[in-house]
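Read off the chains here:
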Amino acid sequence: MATLSNLFIDQDADFSTTVTVNDGSGSPIDLTAYTAIAQIRKSYSSSTSTSFSVTFVSPRTTGQITLSLTDVQTAALSAGRYVYDLVIIASGGDKTRVVEGIATIKPSVSR
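Keep in mind the model is a prediction, meaning the values are calculated, not measured.

Bringing the overall build of the chain into the picture now. Across its full length, the chain holds one helix and nine strands. The N-to-C order of helical and strand elements in the chain reads β-β-β-β-β-β-β-α-β-β. Relative to the compact-globule value of 13 Å for 111 residues, the chain shows a C-alpha radius of gyration of 14 Å, a close match. With respect to the three principal axes, the spread of C-alpha positions in the chain is 40 × 30 × 20 Å. Evaluated residue by residue, the chain yields a buried proportion of 32% over its 111 residues. Here the analysis covers contacts within the chain between residues at least 6 apart in sequence; of these, 62% occur between residues at least 24 apart. In the form shown here, the chain has an accessible surface area of approximately 6500 Å², with 50% of it arising from carbon and sulfur atoms. Both charge centroids of the chain, one from 8 positive and one from 9 negative side chains, sit 8 Å from each other.

Spelled out as C-alpha cells, the structure:
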C-alpha cells in the first residue's frame, strides 16, 4: 500500500521534494535495479498529465528519489487541487506505487 503524502507546489516556481522508499520493516529499499515514473493530473480520470522529473539519489541503496518540476511546468498548471503518484518499476517489470496524494498548486503573485 502506498504512503499518503500531500504536496504544496508554488505556481511559476521550481519544485523539488525527496521521497524515501522503505520496506515493511522501515529500512530503505535498494533501488539499484529500479526505474520510476511520477505524474500529476487534475483528476484520476484526466487524459492529460504532467510528468515529474525523477532522479535517484546516489547511492541508490539509500532508497531516495527526488521528484522535480520546472517553473515552466508549474506555470502551466492552473491553481487548485490535483492528484499525483510515484511508481517504482523493478527490472522484471513489477510495478509498485510507493507514494500518492493530493498536490495543491498555489497561485503566484509575482510574475
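Attention shifts here to the packing of aromatic side chains. Taken as a whole and judged by the stated rule, the model has one aromatic pair. Between Phe52 and Tyr84 the ring centres are 6.2 Å apart and the planes differ by 65 degrees, which places this aromatic pair in the edge-to-face class. Of this pair, Phe52 sits in the loop between β5 (50-51) and β6 (53-56) while Tyr84 is found in strand β8 (residues 80-90), placing the two residues 32 residues apart along the sequence. Here the basic side chain of Lys42 rests over the ring of Tyr82, its NZ or CZ set 4.5 Å away from the ring centre.

By the alternation rule, side chains of strand β2 (residues 7-10) split into Leu7 and Ile9, which are all buried, and Phe8 and Asp10, of which none is buried. Two strands pair when backbone bridges link them, and β2 and strand β9 (residues 95-106) are joined in this way by four bridges, in the parallel orientation. Pairing of Leu7 across the sheet is with Ala103, part of β9.

Moving on, we come to the sheet that holds strand β7 (residues 64-69). Taken in spatial order, the three strands line up as β3-β7-β6 in an open sheet, and their pairing is antiparallel. Whereas interior strands pair on both sides, the edge strands pair on one side only; in this sheet they are β3 (15-20) and β6. With direction set aside, neighbouring strand axes in the sheet form an average angle of 20 degrees. Where β6 lies against β7, four bridges are found, and the strand directions are antiparallel. In the strand pairing of β7, Phe56 is matched with Ile65.

On to the nonpolar core. In this structure, Ile9, Ile40, Phe52, Ile65 and Leu86 are the most contacted members of the largest nonpolar core, which totals 22 residues. Put simply, the parts of the chain that give this core at least two residues each are β2, β3, β4 (34-41), β7, β8 and β9. Once residues within four sequence positions are removed from consideration, Leu86 is found in contact with Val19, Ala36, Ile37, Ala38, Ile65, Leu67, Thr96, Arg97, Val98 and Val99.

Calculation rules
Residues numbered from 1 in each chain as written. Predicted model: local features only at pLDDT ≥ 70, side-chain atom pairs only at ≥ 80, totals over all residues. Heavy atoms only, no water. Helix = DSSP H or I, 4+ residues; strand = E, 2+ residues; numbered from the N terminus. Rg over C-alpha atoms; globule rule 2.2 N^0.38 Å. Buried < 20%, exposed > 50% of the residue type's maximum accessible area, 1.4 Å probe, protein only. Contact = heavy atoms within 4.5 Å. Areas by Shrake-Rupley, 256 points an atom, 1.4 Å probe, with all protein chains shown as cover. Lys, Arg positive; Asp, Glu negative; His and termini not counted. Charge placed at Lys NZ, Arg CZ, Asp CG, Glu CD. Phe/Tyr/Trp six-rings, centres within 6.5 Å; stacked < 30°, edge-to-face > 60°. Lys NZ or Arg CZ within 6 Å of the ring centre and 35° of its normal. Pairing = 2+ DSSP bridges. Axes fitted to C-alpha atoms, helices over the stretch in contact; angles between N-to-C directions. Core = buried A, V, L, I, M, F, W, Y, C linked by side-chain atoms within 4.5 Å.

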